[in-house]
Number of protein chains: 4
Amino acid sequence: MRTGLWLVGVRGSVAVTAITGLLAVRAGLTDPAGCVTELPQFRDAGLPELDDIVVGGHDIVDTPLLKRAEELSAAGVVPATLVNAIAAELFTVEADLRPVPVRAVQAETAAAVARDLRDFRDRHRLDHVVVVNVASTEPRTAEDTVPAELGALRAAMERTTDVLAPSSLMAYAAFEAGCAFVDFTPSTGARLPALAALARLRGMPYAGHDGKTGETLVRSVLAPMFALRNLAVRSWSGTNLLGGGDGARLAEPGANAAKTASKSRVLEEALGYRPEGATRIDYVAELGDFKTAWDLITFSGFLGTGMRMEFTWHGCDSALAAPLVLDLARLTALALHRGRSGPVPELAFFFKDPVGESAASLGEQWATLVTFAHDAEILR
Amino acid sequence: MRTGLWLVGVRGSVAVTAITGLLAVRAGLTDPAGCVTELPQFRDAGLPELDDIVVGGHDIVDTPLLKRAEELSAAGVVPATLVNAIAAELFTVEADLRPVPVRAVQAETAAAVARDLRDFRDRHRLDHVVVVNVASTEPRTAEDTVPAELGALRAAMERTTDVLAPSSLMAYAAFEAGCAFVDFTPSTGARLPALAALARLRGMPYAGHDGKTGETLVRSVLAPMFALRNLAVRSWSGTNLLGGGDGARLAEPGANAAKTASKSRVLEEALGYRPEGATRIDYVAELGDFKTAWDLITFSGFLGTGMRMEFTWHGCDSALAAPLVLDLARLTALALHRGRSGPVPELAFFFKDPVGESAASLGEQWATLVTFAHDAEILR
Amino acid sequence: MRTGLWLVGVRGSVAVTAITGLLAVRAGLTDPAGCVTELPQFRDAGLPELDDIVVGGHDIVDTPLLKRAEELSAAGVVPATLVNAIAAELFTVEADLRPVPVRAVQAETAAAVARDLRDFRDRHRLDHVVVVNVASTEPRTAEDTVPAELGALRAAMERTTDVLAPSSLMAYAAFEAGCAFVDFTPSTGARLPALAALARLRGMPYAGHDGKTGETLVRSVLAPMFALRNLAVRSWSGTNLLGGGDGARLAEPGANAAKTASKSRVLEEALGYRPEGATRIDYVAELGDFKTAWDLITFSGFLGTGMRMEFTWHGCDSALAAPLVLDLARLTALALHRGRSGPVPELAFFFKDPVGESAASLGEQWATLVTFAHDAEILR
Amino acid sequence: MRTGLWLVGVRGSVAVTAITGLLAVRAGLTDPAGCVTELPQFRDAGLPELDDIVVGGHDIVDTPLLKRAEELSAAGVVPATLVNAIAAELFTVEADLRPVPVRAVQAETAAAVARDLRDFRDRHRLDHVVVVNVASTEPRTAEDTVPAELGALRAAMERTTDVLAPSSLMAYAAFEAGCAFVDFTPSTGARLPALAALARLRGMPYAGHDGKTGETLVRSVLAPMFALRNLAVRSWSGTNLLGGGDGARLAEPGANAAKTASKSRVLEEALGYRPEGATRIDYVAELGDFKTAWDLITFSGFLGTGMRMEFTWHGCDSALAAPLVLDLARLTALALHRGRSGPVPELAFFFKDPVGESAASLGEQWATLVTFAHDAEILR
């Protein structure tokens with residue numbers, strides 16, 4: 001099953017780490033640590049092999065992939081020796097990268113994007129293409145400014161360049177080109193009635209939102225722990241310090257609001273109530289591609305005795321996110337192969353704010369994911 | 001279903017907190033926070049009501065319950081107003097407490113213990129009695145000094161006072177008296193071939209070991225998180241600082257070894273390998289009934305990037321353990337009622353080192369527990 | 001040396017803890033832990049004895065002192081037994097508390113406040129009175145709206161009720177009544193040219209601002225440590241979670257800005273540069289009178305190697321501040337006795353944002369304080 | 001002032017980092033971060049310039065310096081580009097390294113060591129040579145097995161190979177060769193009556209013990225903070241996790257005891273009492289050249305209110321120690337130049353367990369150090 005992985009934001013840290021890692025694993029230079037789909041539970045699920053994945057993508061900047069990989073190596077995300085060893089393969093991928101098309105109205109831009117996607121599929125004779133958005137987080141948009149009907153949306157797109165946010169425009173083009181769409185960011189993406197309708201119309205699956213890589217991952221196991229033990233969480237406060245381009249972007253009020261909303265969701269769903277306390281994101285350039293999160297949880301037990309827990313998470317978001325991007329490409333290709341269309345809530349394991357209905361606890365999400373992978377196998 | 005809860009170590013902190021809490025909940029003075037069996041999932045499982053539990057127990061000391069409750073109140077474990085409000089009920093329970101019998105040989109001691117248990121059951125016309133060991137942790141014993149055959153064990157018990165550790169002697173007497181046995185400590189308890197045989201012979205269920213109340217509880221959700229994300233845990237180190245009688249006891253090398261072995265087990269089982277790093281227990285009298293645990297976890301992800309997580313848990317062991325003791329009394333009474341005999345691994349949710357075979361992840365243990373509770377219902 | 005301590009905000013947590021503690025120490029019920037002036041270095045400095053301090057004060061609310069002390073006892077700040085033991089003495093202090101006067105124009109309000117202060121001094125035949133502001137933090141005021149000349153200020157006060165912020169009005173009245181003034185908050189207080197002129201005119205000393213009780217105290221020893229070791233601090237981020245009335249007030253943007261400015265100052269002064277990173281204050285009602293601060297410091301050493309330090313401080317602000325209020329009363333009375341007028345920068349040891357010129361390191365501030373105390377002795 | 005720095009353990013991590021850094025600073029490739037003597041306070045103190053330092057040393061292993069520098073680069077301690085840039089200079093230093101002499105009796109070994117030192121001085125026409133011990137920590141030796149009289153010691157050294165621990169043998173040889181001696185480890189070194197006598201006899205200064213680079217550095221500012229605020233420290237517990245050769249060595253019981261004794265000293269001296277709680281060192285190979293220390297401090301303030309502080313220190317010992325080794329070489333050369341003999345307690349700023357009498361607070365130690373540097377200037 002030859003599978004195309006088209007990355008929106010393909011020269012960003014997550015994408016470049018994913019590409020570098022994919023090439024390095026394929027060359028036998030490293031093992032696929034962090035790849036969930038390499039666990040034994042997925043061995044016979046009929047997923048595309050890592051060798052069968054072809055990568056392309058869009059970006060608004062044009063820094064060469066190799067240069068970006070070297071920057072990530074200088075930042076401690078990727079080993080330098082490895083970048084040197086796969087330099088030739090990076091040039092091959094480079095040939096499949098395209099600038100983000102810019103046209104007079106959004107209908108034309110979408111058509112140009114879809115053309116890039118179809119060309120990519122044809123050029124490599126791919127069975128399926130999965131578009132994954134790993135571009136910077138957009139400010140949360142007012143969804144009610146977008147027509148709810150597909151026809152009305154199309155009409156609006158003929159007139160203007162800003163009816164859809166960039167992430168939603170990419171989802172639109174993906175569906176039109178017969179590609180699945182995954183949103184790894186908290187941006188709007190496919191979460192619009194008109195796009196849901198289009199996905200159904202074209203028979204395309206989609207998933208998202210906002211890859212669960214650090215603080216929220218931990219919350220998705222700790223919050224259920226308190227719930228299952230019937231301990232009352234009195235407050236849960238979080239501080240996230242992060243550098244890099246992502247940090248700078250998330251420090252802007254709009255993107256910040258989109259992100260923190262996504263982060264608080266898991267607590268409320270897992271506990272059944274919203275505990276006191278805020279979740280903060282602050283930009284600290286010095287931290288580079290690493291992120292430090294600190295959470296304080298106060299809770300009370302039998303007879304009201306007050307207790308507390310703190311944790312600090314010091315992780316590299318690119319290194320945590322990149323293998324999940326590969327996982328999502330494989331699993332969404334499987335969904336496509338199987339003829340699934342519309343939201344795929346079975347992929348909630350990967351997201352802070354999953355599409356559709358799903359459990360909030362990581363353990364339950366895991367069980368659902370494993371079942372999904374094998375159902376797919378059965379149905380093929 | 002009138003259920004007796006017989007506590008070994010009934011004047012210790014865990015037992016007194018459990019008793020105080022049970023009486024306070026029953027009097028409508030507090031809610032049953034921390035009681036797992038009060039969650040909606042257990043509502044129709046046919047468990048004995050909290051009102052139907054009668055408490056008795058053994059201890060080697062004779063400090064009055066009320067005095068012990070006042071001490072716990074001074075230590076911040078139990079609210080003072082609450083102790084005053086239930087003083088009369090504490091006197092009622094006091095009437096069912098007995099000194100640990102001491103006889104010339106263990107066979108006679110066991111017979112005297114069994115007599116106390118039968119008297120308790122008859123006096124209160126109880127349907128079932130569950131003996132729960134919450135006495136201090138014993139040094140780990142060399143199990144091979146105990147005869148593996150029941151007959152040989154009985155013969156040895158006729159000759160000496162030390163063939164069985166105290167926890168095992170209690171298990172022996174419980175089974176002989178037709179009571180279920182739960183070990184909330186890491187002591188040997190029923191974990192001996194001859195006692196397993198006796199439990200089967202008398203048709204009695206048993207469970208244990210070592211209530212999972214703090215650091216290990218957190219480990220049982222974090223370790224699976226790393227495993228499910230295919231992240232390689234490179235080291236996992238833990239430090240436990242605790243005061244109180246438990247702290248002093250656990251600082252002794254023998255008890256310390258028993259406890260830390262129990263604590264490391266969950267990591268190895270959840271990860272599938274044993275990460276580098278030790279788990280320490282140190283006694284700090286000043287911390288009283290509270291415990292502070294600090295864990296450092298280093299792990300690596302995609303392309304070998306090194307990352308780290310730390311957590312600090314500041315909990316009151318008595319307040320965390322006491323409601324679980326009530327849960328175990330109810331659930332084990334259900335097992336007894338249902339005719340289960342031998343180990344009950346379905347109660348692994350509560351333990352660091354569960355009897356029988358069970359999953360290491362808290363989520364899976366929870367699913368098993370809920371299924372168990374409802375199966376029981378069906379079979380009644 | 002009979003000394004009056006007049007507290008502005010006398011029914012707030014800090015004031016009530018200071019009063020309760022003073023009475024308890026005097027009654028021999030507790031030792032003066034946390035009182036700097038009880039250290040051996042101050043033994044022969046000629047400070048007023050704790051027995052010689054008489055307490056009075058203003059507040060805008062009228063909850064009885066005893067009730068406030070009971071509330072603090074319920075919150076875990078003050079032992080209940082102690083409040084009961086000094087109930088009678090609290091009633092005695094109650095007789096010296098006054099509502100904050102409200103008049104048509106600020107000149108009249110100031111006169112009424114000054115009258116309360118003079119009456120207090122006369123009633124108790126006090127040698128000196130020190131007014132200490134422990135009221136809630138005010139929003140930072142634009143100082144340039146206040147006339148810089150004393151005459152112009154007085155004229156303005158004849159016309160309006162809002163030329164001076166409440167803390168500055170209290171400083172004005174204190175100086176007019178011949179009292180020293182200490183600001184334990186980040187409010188404006190005496191920091192206005194016209195008030196500096198008035199203090200000189202009346203020969204009155206003053207000190208402040210913003211008692212150093214938690215995160216900033218720790219910063220004032222850690223920042224010099226990095227500086228003395230020539231380690232480059234790359235970022236220093238802080239999060240403060242606090243409940244209580246103070247927390248609610250500090251969560252308001254104006255007060256928040258005043259407080260965080262005061263907190264960052266020490267880093268810049270001790271390091272000689274301002275490291276990247278913000279200091280946050282968030283309100284978490286659940287934490288009550290306790291505060292949790294978390295700081296992350298990243299730094300680099302020889303050859304640029306990146307390293308990091310984190311600390312968590314979990315303190316009770318009232319318990320930390322109260323003894324310092326007593327210290328400041330004693331030390332400022334000494335300054336008054338000695339004839340000092342104007343700012344007293346030698347008290348920088350106690351403050352986040354000291355008046356006048358002073359070193360930023362706690363060690364140097366300590367040396368200055370001890371020298372000050374003994375100079376005073378010599379000059380008496 | 002041409003100064004020789006002779007490193008015992010010259011191929012270990014601290015020594016190689018010091019050498020690499022010295023060469024890199026000299027080549028203008030990096031700045032001397034972490035070097036205390038580069039702070040403005042030492043500018044005119046007459047210290048030898050970094051350009052005037054010549055490095056040699058002994059080691060029991062013979063791995064080339066360049067290889068060791070590359071290993072440190074792989075471990076993240078030293079930038080790879082920098083190692084490449086100074087490869088030629090490392091070869092030059094290599095020519096001055098010698099194997100540790102091994103002879104039939106210690107008198108002969110000492111003579112051979114002294115010969116190496118004299119040859120080094122003559123070869124480079126050095127004004128002074130400072131021997132700094134940065135070899136692995138030795139098990140604490142029973143000092144009473146070493147003759148207290150110099151004559152008796154010399155007689156014993158004629159007969160055997162083990163009267164002196166290796167660090168003490170180096171100190172002996174250094175003094176005999178007219179070199180100063182600094183012990184950067186907790187080993188015995190010059191701390192023997194016979195060696196003190198020898199130092200006086202030869203007019204040689206010495207300093208030590210145990211460079212203060214991480215947890216103890218932080219303790220030396222935090223403990224005085226609690227003391228100056230009259231806060232009662234109830235418990236202070238520390239856990240040190242470290243990898244590398246140093247970690248493996250310190251995990252051995254003998255060396256561990258030597259190190260933890262050195263670490264607890266500062267608390268007792270700064271507080272005036274020894275708080276409850278232990279200091280642990282555990283070996284975690286995975287951490288490599290980095291060390292994570294976690295300390296929990298519980299303390300009580302006014303009215304006995306209980307509070308707590310935690311800190312985590314994640315540092316690279318080699319990067320922290322290396323610049324201090326250069327500082328000590330410069331400062332001890334100054335002492336030598338000035339004619340100081342015997343212990344130099346003015347260097348306490350650098351040590352966990354300083355020779356002679358000194359204050360425990362870092363601030364006071366700093367003031368003493370600055371004064372010492374300038375006194376020296378005056379006397380020259």
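Preceding this section is the structure that the text describes.
Structural notes, computed from the coordinates. Since we're looking at a predicted model, the values are computed, not measured.

Per the secondary structure count, chain A includes 13 helices and eleven strands. Relative to a compact globule of 380 residues, whose C-alpha radius of gyration would be 21 Å, chain A shows 20 Å and is just as compact. Taken over the C-alpha atoms alone, chain A extends approximately 65 × 50 × 45 Å along its principal axes. Once local pairs closer than 6 in sequence are excluded, the contacts in chain A between residues at least 24 apart make up 78%. Total accessible area on chain A stands at roughly 12500 Å², and carbon and sulfur atoms take up 52% of it. Computed over 36 positive and 46 negative side-chain charges, the separation of the two mean positions in chain A equals 2 Å.

Note on placement: P79 of chain A falls in the loop between α2 (65-74) and α3 (80-85). Those residues within four positions of P79 of chain A in sequence are excluded, and the remaining contacts are S73 of chain A together with L303 of chain B.

Taken as a whole, this structure holds 42 aromatic pairs over all chains when the rule is applied. Residues F226 of chain C and W236 of chain C carry aromatic rings whose centres are separated by 6.0 Å and whose planes lie at 80 degrees to one another, so their mutual orientation is edge-to-face. Taken together, the residues span a long stretch of sequence, with F226 of chain C in helix α9 (residues 215-228) and W236 of chain C in strand β7 (residues 232-242) at a distance of ten residues. Of the two residues examined, F226 of chain C and W236 of chain C, each falls in the buried class. Ring geometry for F175 of chain D versus Y206 of chain D: centroids 5.7 Å apart, planes at 50 degrees, classification tilted. Taken together, the positions of F175 of chain D in helix α7 (residues 166-176) and Y206 of chain D in strand β6 (residues 205-208) put the pair 31 residues apart, joining distant regions of the chain. Residue classification places F175 of chain D among the buried positions, given a relative accessible area of 0%. By relative accessible area, which is 8% here, Y206 of chain D ends up buried. An aromatic cluster is defined as three or more aromatic residues linked by ring pairs; in this entry it consists of F42, F349, F350 and W366 of chain A. Cation over ring: R229 of chain B sits above F349 of chain A, and NZ or CZ is 4.9 Å from the ring centre.

All names here are of chain D. In spatial order, the strands read β3-β2-β1-β4-β5-β6-β11; together these seven strands make up an open sheet with parallel pairing. Since the sheet does not close on itself, it has two edges, and those belong to β3 (97-99) and β11 (342-343), each with one partner. Each of β1 (3-8), β2 (53-59), β4 (128-133), β5 (180-183) and β6 is contacted by helix α12 (residues 317-337), which is oriented at about 135 degrees to β4, the strand it contacts most.

Moving on to the relation of the copies chain D and chain C. The transformation that overlays chain D on chain C combines an axial shift of 0.0 Å with a rotation of 180 degrees, and the residual RMSD is 0.0 Å. With respect to symmetry, the two chain copies, as superposed, fit the operation of a two-fold axis. Taking the C-alpha atom as reference, chain D places F311 of chain D closest to the rotation axis, 2.0 Å from it. Here 100% of the interface residues in chain D have copies in chain C that are interface residues too; the copies meet face to matching face.

Let's shift gears to the relation of the copies chain A and chain B. Overlaying chain A on chain B yields an RMSD of 0.0 Å, the required transformation being a rotation through 180 degrees with an accompanying axial translation of 0.0 Å. Mapped onto chain B, 100% of the interface residues of chain A are again interface residues, and the two copies thus contact each other with one and the same surface.

Right, let's get into the interface of chain A and chain B. Contacts between the two partners involve 58 residues from chain A and, on the opposite side, 58 residues from chain B. For the pair chain A and chain B, the summed buried area comes to about 4500 Å², and 71% of that belongs to carbon and sulfur atoms. Of all residues in chain A, R229, F302 and L303 of chain A give up the largest surface area on contact with chain B, accounting jointly for 22% of the area buried on that side. Between chain A and chain B we count zero salt bridges in total. Across the chain A-chain B interface, the total number found is 14 residue pairs in polar contact (both at pLDDT 80 or more). Among the elements that take part in the side of chain A that touches chain B, strand β10 (residues 306-316) of chain A stands out by supplying eleven residues, more than any other.

This brings us to helix α8 (residues 193-202) of chain A. All names here are of chain A. If you check which residues of α8 are buried, you get A194, L195, L198 and A199. In an axial view of α8, the angular spread of the buried residues amounts to 140 degrees, which keeps them on one side of the axis. Among the structural elements, α6 (150-157), α7 (166-176) and β6 (205-208) are those in contact with the buried residues of α8. G203 sits one or two positions beyond α8 and adopts a positive phi of about 70 degrees.

If you look at the interface, chain D gives 58 residues, while chain C gives 58 residues. Between chain D and chain C the total buried area reaches about 4500 Å² when both faces are included, carbon and sulfur atoms providing 71% of it. For chain D, the biggest contributors to the area lost against chain C are R229, F302 and L303 of chain D; these three give 22% of the whole. On inspection of chain D and its partner chain C, the count reaches zero salt bridges. At eleven residues, strand β10 (residues 306-316) of chain D tops the list of elements feeding residues into the side of chain D that touches chain C. By the bridge criterion, seven bridges tie strand β10 (residues 306-316) of chain C to β10 of chain D in an arrangement that is antiparallel. Pairing of H314 of chain C across the sheet is with R308 of chain D, part of β10 of chain D.

What follows concerns the pattern of salt bridges. A complete count under the given rule lists 80 salt bridges over all chains for this structure. As a salt-bridge pair, R274 of chain B and E268 of chain B come within 3.3 Å of each other at their nearest N and O atoms. Since its relative accessible area comes to 36%, E268 of chain B is described here as partly exposed. Across the salt bridge formed by E215 of chain C and R219 of chain C, the nearest N and O atoms sit 3.5 Å from each other. In this pair, E215 of chain C and R219 of chain C both sit in helix α9, four residues apart, roughly one turn of the helix. Accessibility expressed as a relative area gives 0% for E215 of chain C, which makes it buried.

Calculation notes
- Residues numbered from 1 in each chain as written.
- Chains lettered and ligands numbered in written order.
- Predicted model: local features only at pLDDT ≥ 70, side-chain atom pairs only at ≥ 80, totals over all residues.
- Heavy atoms only, no water.
- Helix = DSSP H or I, 4+ residues; strand = E, 2+ residues; numbered from the N terminus.
- Rg over C-alpha atoms; globule rule 2.2 N^0.38 Å.
- Contact = heavy atoms within 4.5 Å.
- Areas by Shrake-Rupley, 256 points an atom, 1.4 Å probe, with all protein chains shown as cover.
- Lys, Arg positive; Asp, Glu negative; His and termini not counted.
- Charge placed at Lys NZ, Arg CZ, Asp CG, Glu CD.
- Phe/Tyr/Trp six-rings, centres within 6.5 Å; stacked < 30°, edge-to-face > 60°.
- Buried < 20%, exposed > 50% of the residue type's maximum accessible area, 1.4 Å probe, protein only.
- Lys NZ or Arg CZ within 6 Å of the ring centre and 35° of its normal.
- Pairing = 2+ DSSP bridges.
- Axes fitted to C-alpha atoms, helices over the stretch in contact; angles between N-to-C directions.
- Least-squares fit on C-alpha atoms with pLDDT ≥ 70 in both.
- Buried area = accessible area lost by both parts, 1.4 Å probe.
- Salt bridge = Lys/Arg side-chain N within 4 Å of Asp/Glu carboxyl O.
- Polar contact = N/O pair within 3.5 Å; in protein donor to acceptor, adjacent residues only side chain to side chain.
- Arc of directions from axis to C-beta.

Keep in mind that these numbers describe shape and distance, not what the molecule does.
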